[in-house]
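# Structural features, examined
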Amino acid sequence: MEKAKISAYQLFILIVLFELGSALLVPIAIEAKQDAWLAILIGMVGGFCLYLVYHGLYSYYPDIPPTEYSQKIMGSFLGKILAFIYVLYFIYLSARVLRDFGEMLITSFYWDTPLFILNTLMALLVIYTVRKGIEVLARTSELLFVLIFLLGISVLFLIVVSGIIQISNLKPVLEEGIKPVLKTTFTQTLYFPFGEVIIFAMILPYLNRPEKVKQIGLLAIGFSGLILASVMAINVSVLDVNNITRSPFPLLSTIQTIEVAGFLERLDVYFILITVIGVFFKMCVFFYASVVGTANLFNVKESARLAFPLGLAILILSITIASNYSEHIKEGLHVITLYLHLPLQVIIPSLLLLIAFIKNKKKKSKHSKNLFPKRKYRLVERDKK
Amino acid sequence: MNHNWILLFLIMTSTVFISGCWNQKELNELAIISAMAIDKNEDGKYVKTIQLVNPVNVAGGLQGGGSGQSPTVTVYTAMGDSVLEAHFHATSKVSRRLYHGHANLIVISEELATEEGIIDILDAFERDPEIRMTSRVVIAHHTKAGDLLKSLTAIDKIPAEKVNGTIHTTERARGESMEVNLQDVVTTLTSAGKETVISGFSLKGDIQQGKKIENIQQSELDTTIESDGLAIFKEGKLVDWYQGEMSRGVVWILDKIQQTDVILDREGQENILTYTVLRQKTRVSADTTNDLPVLTVRVRAEGDIREVRSQIDLTDPYEILDIEKELEKEIKKQLENTVIRTQQNKSDIFGFGEVVRRSDPKKWKKMKNDWNDTYFPNLKVNVKVEAFIRRSGNRTNSYLSDMEQ
């Protein structure tokens, strides 16, 4: 752990940018057809629950990252294995985000450029940022959030003005009943993007006002969920469902449809700016967590030194995880959701919380035998410091 | 100090790598395509025609030099078994890299659309990230698609601009054609409850004359291209052409009329009054209580009187009410004619199927597969029109009323 503090506002922005990151790129929840927005909203509610689980763990161990408290909960050996699995998971996810970024740029704009070049540039930038530490990352996010917000507002304005929104495309709501929507939620949107917020368990200990963690996290998830749902609703109403299922980057197609006053058209650059900024932060957060987690697990004192080797590993991983775009997306939206996200985002954290709960209850019941348990507990804490 | 120099050097070298020049193409290496056309020849091969802009000649006559000597566009044709193959063959005829980013028009020949359909040719356009989904699509009526691109035009120097501009203006001012882009075509092709409509364009005069620059060096052009009706598709194949009021009916039911004229006849005298619709709203709703859905088209139109050719007393509100009633009847008649003819074509271009789907998804599932052939032709369609006359221009009664009989 480096000695750093981030403010509540910075955490909010980081979570929002993280959630939007690659979720804005790909057609999420499109299995639910025109009810994709609903699947996202239900996923968001699930995200609230998951966040409460992570927050529960945090409230038991507010000063140490999960790689450390897993050892306290499960014992040194099992806990270390678990922490190692999580670190690998974070590394894999940052490689995925990097690949998303490269694929997006190549498919739509740089079709002659090799994937390696684009990914290298992004990886170098991320390595540099992570070496600078979480405070720098948080401050950068504050700056760029304003930009992304203004861009978003102006795109929304242009879409509305150009009159391409056809609300009727969103109807009929629940054409096939609620079942496909729930299925999409529990096989996809719950984990990607909302469950991925588990990464913030690594970052929560840095917050300068621990009492605000719960409120800020829930607010940020709600805010980003609303944005994602409305973006997907706009995509569907502009493009029609059939066109989205065939389009690798629906938001790009939507923005390309804008034609205002005969000259405001071909605004692809908006899409590039929004997604590159989002993807950058998502990758930074993932990568930061992997670096800090590795350092914590293997007792490396200067975690920044790990940035380069790990960054290189992620760069190579990002190119080798899939041999083509379909494979990459299929893995991301259908395979790893069930085999990686479900156990690592839902099952294990819940188990950990349960064990932590029981352990702490035992502790408490021991304390309650004393006459002034609370006071004594506090004194002990103070002595430690 | 030494350290700083190394840093500066590194920063400067990094600009070489991060300036994004991997894909760079200079403007003078590009051939800018303004329009593309697809025909099919006797051997069954696709013929692709591309219209390239000559930037120097577009810039204008004032600069002198080459303009006037050579035309604003140059056209190349190439053949192939698929659209993309034809495109590859075209590259061997042009010295520069073909650039699609500004292509704004795709012309498809009537013959190809009728015999083979447009389903097989659009994927290459949709897939290429350089081609915009907002490119307009047009069907060449009574002419080859390629010829439409070869004819030079006045006022708009680039023929593609002329085609797009004409369709845009016709849609806004008369409502007899419709701007349809690539995305609309693909969306309607994939939708079970809506069929495709594409505007037509035709060539008047001799194409050999039209290719020459002398054609536009006269006040009245020998060869012109003009907007010409709507092509009606069924499952990707062209089945009918609508003209005039018939095509306006389609645009009207699709709620795309922005301005149009309705002419009123009375017994004994035709064309007594011209009513210009300035605002209108058309809503389509479906009642699915019975086995066969009942569709209702509600039109609400507002407008002015623009021409009077008889002694109507426009100062009398009751007279205005009468005229409104007659106008409603006239519009209703026209829309019903369009609906009947379309039902005979068995092609649901109005998207009635989509309306049914939205109001009753379960019933729609049963009807979906034979919607066009079984259900749509037998639908009962009610047309309800409300027309309002708001003003009558700079005069109340016509001077005809003051003339002695």
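Since the model is a prediction, treat every value here as computed from it, not as a measurement.

## With respect to helix H3 (residues 66-74) of chain A
Where H3 of chain A is concerned, the buried positions are Pro66, Thr67, Tyr69, Ser70, Gln71 and Ile73 of chain A. Residue Gly75 of chain A follows H3 of chain A closely and has a positive phi angle near 90 degrees.

## Points about the interface of chain B and chain A
Counting from both sides, the interface comprises 25 residues of chain B and, opposite them, 28 residues of chain A. In this structure, the salt-bridge partner of Arg136 of chain B is Glu259 of chain A, at a minimum N-O distance of 3.4 Å. In this structure, the connection of chain B to chain A is made through eight residue pairs in polar contact (both at pLDDT 80 or more). Tallying contributions element by element places helix H8 (residues 182-190) of chain B first for the side of chain B that touches chain A, with four residues. Partitioning the side of chain B that touches chain A into residue classes produces seven nonpolar, nine polar and nine charged.

## Describing a positive patch on the surface
All names here are of chain A. Side chains of Lys72, Lys359, Lys362 and Lys363 sit close together on the surface and give a patch of like positive charge. A per-element tally of the positive patch places helix H13 (residues 325-367) first, with three residues. Note on placement: Lys359 falls in helix H13.

## Observations concerning empty space enclosed by the protein
All names here are of chain A. Per the stated rule, a full pass over the model turns up four cavities of 30 Å³ or more. What the largest cavity holds in volume is close to 160 Å³. In terms of lining residues, the largest cavity is bounded by 15 residues, among which Pro66, Tyr69, Tyr86, Ile198 and Leu352 are the most central. Among the elements of the structure, helix H2 (36-60), H3, helix H4 (76-108) and H13 are those that each provide at least two residues to the lining of the largest cavity. Considered class by class, the residues forming the lining of the largest cavity number 13 nonpolar, two polar and no charged. The calculated volume of the second largest cavity comes to roughly 140 Å³. Lining the second largest cavity are 14 residues; nearest its centre among them are Arg96, Asp100, Phe192, Glu196 and Gly332. Every element with two or more residues in the lining of the second largest cavity is listed here: H4 and H13. At five residues, the largest contribution of residues to the lining of the second largest cavity is made by H13. Here the lining of the second largest cavity is composed, by residue class, of seven nonpolar, three polar and four charged.

## Focus: the sheet that holds strand E10 (residues 260-266) of chain B
Residue and element names in this part refer to chain B. The four strands lie next to each other as E10-E11-E12-E13, forming an open sheet whose pairing is mixed. Looking at which strands have only one partner, the edges of the open sheet turn out to be E10 and strand E13 (380-391). Across the sheet, the mean angle separating the axes of adjacent strands is 40 degrees when strand polarity is ignored. In this structure, strand E11 (residues 269-287) lies alongside strand E12 (residues 294-308), joined through 14 bridges in antiparallel fashion. In the sheet register, Lys281 faces E12, and the bridge partner there is Arg300. Along the sheet face, helix H12 (residues 352-359) touches E11, E12 and E13 and points at about 35 degrees away from the line of E11.

## Overview of a negative patch on the surface
Residue and element names in this part refer to chain B. A cluster of like negative charges, contributed by Glu42, Asp43, Glu111 and Glu115, occupies part of the molecular surface. Tracing the backbone through its elements, the reader meets Glu111 in helix H4 (residues 110-115). Its relative accessible area of 47% is what places Glu111 among the partly exposed residues.

## Looking at the pairing of strand E2 (residues 46-53) of chain B
Here is the key point about a regular strand: its side chains alternate between the two faces of the sheet. All names here are of chain B. Among the eight residues of E2, eight are classified as buried, and the element is accordingly described as predominantly covered. Here E2 shows no split at all, with Tyr46, Lys48, Ile50 and Leu52 on one side and Val47, Thr49, Gln51 and Val53 on the other all buried. The sheet contact formed by strand E1 (residues 30-40) and E2 spans seven bridges and is antiparallel. Bridge pairing in E2 links Ala37 to Thr49. Hairpin connection of E1 to E2: five residues between the antiparallel strands, including Gly44 at a positive phi of 85 degrees. The sheet contact formed by E2 and strand E3 (residues 73-80) spans eight bridges and is antiparallel. In the strand pairing of E3, Ile50 is matched with Tyr76.

## Brief notes about the UniProt feature "domain: Spore germination GerAC-like C-terminal" (unreviewed entry) in chain B
According to UniProt, the "domain: Spore germination GerAC-like C-terminal" (unreviewed entry) feature falls on residues 228-393 of chain B. Within the segment residues 228-393 of chain B, helix and strand shares are 36% and 40% respectively, and the terminal C-alpha atoms sit 30 Å apart.

Procedures and definitions
- Residues numbered from 1 in each chain as written.
- Chains lettered and ligands numbered in written order.
- Predicted model: local features only at pLDDT ≥ 70, side-chain atom pairs only at ≥ 80, totals over all residues.
- Heavy atoms only, no water.
- Buried < 20%, exposed > 50% of the residue type's maximum accessible area, 1.4 Å probe, protein only.
- Helix = DSSP H or I, 4+ residues; strand = E, 2+ residues; numbered from the N terminus.
- Contact = heavy atoms within 4.5 Å.
- Salt bridge = Lys/Arg side-chain N within 4 Å of Asp/Glu carboxyl O.
- Polar contact = N/O pair within 3.5 Å; in protein donor to acceptor, adjacent residues only side chain to side chain.
- Nonpolar A, V, L, I, M, F, W, Y, C, P; charged D, E, K, R; others polar.
- Patch = residues over 30% accessible without salt bridge, like charges linked within 9 Å, V, L, I, M, F, W, Y side chains within 5 Å.
- Areas by Shrake-Rupley, 256 points an atom, 1.4 Å probe, with all protein chains shown as cover.
- Lys, Arg positive; Asp, Glu negative; His and termini not counted.
- Charge placed at Lys NZ, Arg CZ, Asp CG, Glu CD.
- 1 Å grid on protein atoms, 1.4 Å probe; cavity = no way out; pocket = protein on both sides within 12 Å on 5 of 7 lines; lining within 4 Å.
- Points joined across faces, edges and corners; volume = space filled by probe spheres on them.
- Pairing = 2+ DSSP bridges.
- Axes fitted to C-alpha atoms, helices over the stretch in contact; angles between N-to-C directions.
- UniProt positions renumbered as here; feature names shortened; annotations may be inferred.

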